[in-house]
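Here is what each chain is made of, one letter per residue.
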Amino acid sequence: DAGVIQSPRHEVTEMGQEVTLRCKPISGHNSLFWYRQTMMRGLELLIYFNNNVPIDDSGMPEDRFSAKMPNASFSTLKIQPSEPRDSAVYFCASKPGQGAYEQYFGPGTRLTVT
Amino acid sequence: GESVGLHLPTLSVQEGDNSIINCAYSNSASDYFIWYKQESGKGPQFIIDIRSNMDKRQGQRVTVLLNKTVKHLSLQIAATQPGDSAVYFCAEDWGNTGKLIFGQGTTLQVKP
């Protein structure tokens, strides 16, 4: 079975450029989560969706960050413009619907902004 | 200037010994707790979970203990193996909202 798929796996970009990270959740899962992991702050929840609708975006650091989920099998996290402090590993996770708790994580995208 | 990162607690054990990793959680209204293992270069992977109506749950070589009085979780790994070397995170379902909040993690090093 395919797990959560993220692309790209690595991204190196220059400050000021737009970055788009992509996620395909596990088929049939109704909830999708975006996390950021850094040495400074650990693993932080940025935003999550239930049935393609954003439920809680209180973890999104600032307006430069935006996330969308146009359908049940695809989500994007966009940073525009990117800054060096955005360098981190970004994880996407999904889980089945209400009543399920275990989240399944993708392999992550390592973003470096120079 | 030089950035200061998190100094994750490190537990170093001999292969074959038992390991105990501890975690304090924050929200007394949280109803569900989970342990994840993260190997270098990979995403977190589920190990075991427990609901607040239980104080102990066992899996294969792993046991999770929950003490709600002091808001404490522990993960016990029996007969620790080199493949258990990783960072271990506890997480709580924050106030039973479906939103997992992760602890800072503990690095487990297994010496052969």
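Preceding this paragraph is the structure being described.
Description of the structure in this document. Note that the coordinates shown come from a computational prediction; the quantities given were computed from them, not determined experimentally.

Moving on, we come to the overall build of chain B. Each helix and strand counted, chain B has 0 helices and 10 strands in total. Its C-alpha atoms give chain B a radius of gyration of 14 Å, near enough to 13 Å, the size a compact globule of 112 residues would have. Principal-axis analysis of the C-alpha atoms places the extent of chain B at approximately 45 × 40 × 25 Å. Taken over 112 residues, chain B has a buried fraction of 43%. Sequence separation of 24 or more characterises 54% of the internal contacts of chain B that already satisfy a separation of 6 or more. Taken as a whole, chain B presents about 5800 Å² of accessible surface, with 47% of it coming from carbon and sulfur. One way to put it: in chain B the 10 positive side-chain charges average out to a point 4 Å from where the 10 negative ones average out.

Covalent bonding between the sulfur atoms of two cysteines defines a disulfide. Taken as a whole and assessed by the stated rule, the structure comprises 2 disulfides over all chains. Put simply, Cys23 of chain A and Cys92 of chain A are joined by a disulfide, and their sulfur atoms are 1.9 Å apart. With the S-S dihedral at roughly -70 degrees, the linkage between Cys23 of chain A and Cys92 of chain A falls on the left-handed side. Taken together, the positions of Cys23 of chain A in strand β3 (residues 19-24) and Cys92 of chain A in strand β9 (residues 88-95) put the pair 69 residues apart, joining distant regions of the chain. The class for Cys92 of chain A is buried, based on a relative accessible area of 0%. Here Cys23 of chain B connects covalently by a disulfide to Cys90 of chain B, the sulfurs 1.6 Å from one another. One end of the pair, Cys23 of chain B, is in strand β2 (residues 19-24); the other, Cys90 of chain B, is in strand β8 (residues 86-93), with 67 residues separating them in the sequence. The residues Cys23 of chain B and Cys90 of chain B share a single accessibility class, namely buried.

Strands pair in a sheet through their backbones, by hydrogen bonds, and they do so in one of two ways: parallel or antiparallel. Residue and element names in this part refer to chain B. A sheet is described by the order of its strands in space; here 4 strands give the open sequence β2-β7-β6-β5, paired in antiparallel fashion. Each having just a single partner strand, β2 and β5 (56-58) make up the two edges of the open sheet. Here the average twist between neighbouring strands, direction ignored, is 15 degrees. In this structure, β2 lies alongside strand β7 (residues 72-77), joined through 6 bridges in antiparallel fashion. The residue bridging Ser19 from the neighbouring strand is Ile77, located in β7.

Take the sheet that holds β3 of chain A next. All names here are of chain A. Pairing within the open sheet is antiparallel, and its 4 strands lie in the order β1-β3-β8-β7. On the outer flanks of this sheet lie β1 (5-7) and β7 (65-71), each paired with one strand and no other. Between one strand and the next, the sheet's axes are offset by a mean angle of 15 degrees, whatever the strand orientation. Across 5 bridges, the pairing between β3 and strand β8 (residues 74-79) is antiparallel. Bridging from a neighbouring strand, Val19 pairs with Ile79 of β8.

Let's shift gears to the environment of Ile5 of chain A. All names here are of chain A. With respect to the secondary-structure elements, Ile5 resides in strand β1. Ile5 sits in the partly exposed class, given a relative accessible area of 42%. It is 7.3 Å that separates the C-alpha atoms of Ile5 and Pro107, two residues lying 102 residues apart in sequence. Excluding residues within four positions of it along the chain, Ile5 makes contact with Arg22, Cys23 and Lys24.

Here the focus is the interface of chain A and chain B. Contact residues are listed per partner, giving 21 residues for chain A and 22 residues for chain B. Across the chain A to chain B interface the summed buried area is about 1700 Å²; carbon plus sulfur atoms make up 56%. It is Leu43, Tyr101 and Glu102 of chain A in chain A that bury the most area against chain B; as a group they hold 34% of the surface buried on that side. There are 1 salt bridge connecting chain A and chain B. Applying the counting rule to chain A against chain B returns 3 residue pairs in polar contact (both at pLDDT 80 or more). With 4 residues, the single largest contributor to the side of chain A that touches chain B is strand β5 (residues 42-50) of chain A. Of the residues belonging to the side of chain A that touches chain B, the class tally is 11 nonpolar, 5 polar and 5 charged.

What counts and what doesn't
Every chain is numbered on its own, with residues counted from 1 as its sequence reads. Chain letters start at A and ligand numbers start at 1, both assigned in the order the entries are written. Only residues with pLDDT of at least 70 are given local features in this predicted model, and only at 80 or more are side-chain atom pairs given and counted; all residues enter the totals for whole chains, interfaces and linings. In computing side-chain properties, one takes all heavy atoms of the structure into account and sets aside hydrogens as well as water. Secondary structure counts use DSSP, requiring at least four H or I residues in a row for a helix and at least two E residues in a row for a strand, with both numbered from the N terminus. Our radius of gyration is a C-alpha quantity, and the globule rule it is checked against amounts to 2.2 Å times the number of residues to the power 0.38. Burial status follows relative accessibility: with a 1.4 Å probe on protein chains alone, a residue under 20% of its type maximum counts as buried, one over 50% as exposed, and anything between as partly exposed. Whether two residues are in contact is decided by their heavy atoms, any of which lying within 4.5 Å being enough. Here the Shrake-Rupley method, with its probe set to 1.4 Å, supplies the accessible areas, and only the displayed protein chains count as covering residues. In this tally Asp and Glu are treated as negative and Lys and Arg as positive; neither His nor the chain ends contributes. Every charge is mapped onto a representative atom, which is NZ of Lys, CZ of Arg, CG of Asp or CD of Glu. Disulfides are defined as cysteine sulfur pairs within 2.5 Å. Pairing between two strands is assigned when DSSP locates at least 2 bridges connecting them. Between N-to-C directions, angles cover 0 to 180 degrees, with each direction set by a line fitted to C-alpha atoms, over the stretch in contact for helices. As a working definition, buried area equals the accessible area (1.4 Å probe) given up by two parts on being put together, with both sides summed. Salt bridges are counted wherever a side-chain nitrogen of Lys or Arg sits within 4 Å of a carboxyl oxygen of Asp or Glu. Under the rule applied, a polar contact is a pair of N or O atoms within 3.5 Å (in protein, one hydrogen donor and one hydrogen acceptor; residues adjacent in sequence only if both atoms are side-chain atoms). Classification used: nonpolar for Ala, Val, Leu, Ile, Met, Phe, Trp, Tyr, Cys and Pro, charged for Asp, Glu, Lys and Arg, polar for all others including Gly.

Everything listed here is a matter of coordinates, which is why it stays silent on function.
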